[in-house]
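In case you want the letters, here they are:
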Amino acid sequence: MLKIGDFSKLSQVTVKALRLYDQLGLLKPADIDEFTGYRYYSVQQLPRLNRILAFKDLGFSLEQIAKLLDDNLPPVEIRGMLRLKQAELHKLLEEEQARLLRVETRLKQIEREDKMPNYEVVIKKIEPIKVAGIRDIVPNYGAMSQLYEELFGYFQQHGIKVNDYCAGILHDPEYKESDVDVEAIITFDGAVPINKRIKVYELPGYKQAACLIYQGSYSKINQAYTALLSWIENNGYKIIDSNREVYVIGGNEQDNDSYVTELQFPISVK
């Protein structure tokens, strides 16, 4: 029999880890002195310890390892757990490769421009949200304000409280000089009376969206669009749906530099 310190040296596993394995029931000491409380281990326990270490090396949690060590666990369930871990690692690898590409793109951009980029792009998850919206073909992007006036006017008329979320969806697949397909959307409290112009629905969410915060007038927002679209292309993503403009601070003026807008493009890996 070996004291816990000697077993630790032999197995090259810390005493702290051995005590944790004991606490979780993964590897109990072969014997515990009832007077001193000393833990003793047997050389015959090394295969079980090595199995614990092997599963740990594969990325399984100690709770998962406890299940895998169960002699009564069917082989089909073991294969299932391994396949899930395989899928998890593949996803992690893809995420790290995408992060590496973003680092390389940032380096190239700084080397090319000899300065930090003017806009920071982040990838985030967009949650679904219930909205009311009006979609129409308007003469130009600035005319989208007419849709908001109609929307807010209808809500005020019926005493419906409008919440903070206010956004525009640009449905055209490309920039257009005229006759643009846009949608004004807002969130609200309460029920909206039936109206042929106003649609109430759950705006879909996305697992990934490339987002950029732009501060400035709408008349100069194209610079931010150029930066965001270049980032999406250079980092190996593709746009999968209509982009959104979330008006954090906004209004009807086209040249108000105090406005803050978040541009959002739903994306996926090419």
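Right, let's walk through the structure included here. Residue positions are given per chain, counted from 1 along the sequence in the order it is written. Residues qualify for local features only when their pLDDT is at least 70, as the model is predicted, and side-chain atom pairs are given and counted only at 80 or more; totals for whole chains, interfaces and linings, by contrast, use all residues. Hydrogens are left out, water is left out, and the side-chain values use all remaining heavy atoms of the structure.

### Some remarks on the layout of surface pockets
Using a probe with the size of a water molecule, rolled over the atoms, empty space left in the structure can be pinpointed.
Then comes step 1: Grid points spaced at 1 Å over the protein atoms alone were grouped into cavities, where a 1.4 Å probe fits but cannot get out, and pockets, open sets with protein on both sides within 12 Å along at least five of seven lines, with lining residues defined by an atom within 4 Å of a point. Grid points are joined across faces, edges and corners, and a volume is the space filled by probe spheres set on the points. Looking at the largest pocket, its volume works out to about 970 Å³.
Then comes step 2: Taken together, 38 residues form the lining of the largest pocket, with Tyr141, Met144, Leu170, Tyr225 and Glu245 sitting closest to its centre.
Then comes step 3: Amino acid classes used here: Ala, Val, Leu, Ile, Met, Phe, Trp, Tyr, Cys and Pro are nonpolar; Asp, Glu, Lys and Arg are charged; the rest, including Gly, are polar. Residues that form the lining of the largest pocket fall into these classes: 17 nonpolar, 12 polar and nine charged.

### Some details on unusual backbone geometry
Most of the time, phi is negative for any residue but glycine, and the peptide bond is trans.
Then comes step 1: Phi at glutamine 12 is positive, roughly 60°, even though this residue is not glycine.
Then comes step 2: Going along the chain from the N terminus, every DSSP run of H or I of four or more residues is numbered as a helix, and every run of E of two or more is numbered as a strand. Looking at the secondary structure, you find glutamine 12 in the loop between α1 (4-11) and α2 (15-24).
Then comes step 3: One non-glycine residue with positive phi stands out, namely aspartate 179, at about 50°.

### Regarding the pattern of salt bridges
Then comes step 1: By definition, a salt bridge exists where a carboxyl oxygen of Asp or Glu is found within 4 Å of a side-chain nitrogen of Lys or Arg. Enumeration according to the criterion identifies 12 salt bridges in this entry.
Then comes step 2: In this structure, the salt-bridge partner of glutamate 88 is lysine 85, at a minimum N-O distance of 3.1 Å. In this pair, glutamate 88 and lysine 85 both sit in helix α5 (residues 75-113), three residues apart, roughly one turn of the helix.
Then comes step 3: Note on classification: 1.4 Å probe, protein chains only; a residue is buried when its accessible area is under 20% of the maximum for its type, exposed when over 50%, partly exposed between these limits. Judged by relative accessible area, lysine 85 falls into the buried class, the value being 7%.
Then comes step 4: Beyond isolated ion pairs, a larger network of salt bridges with shared partners links Asp22, Lys28 and Arg39.

None of the figures reported here should be taken as evidence of function without further support.
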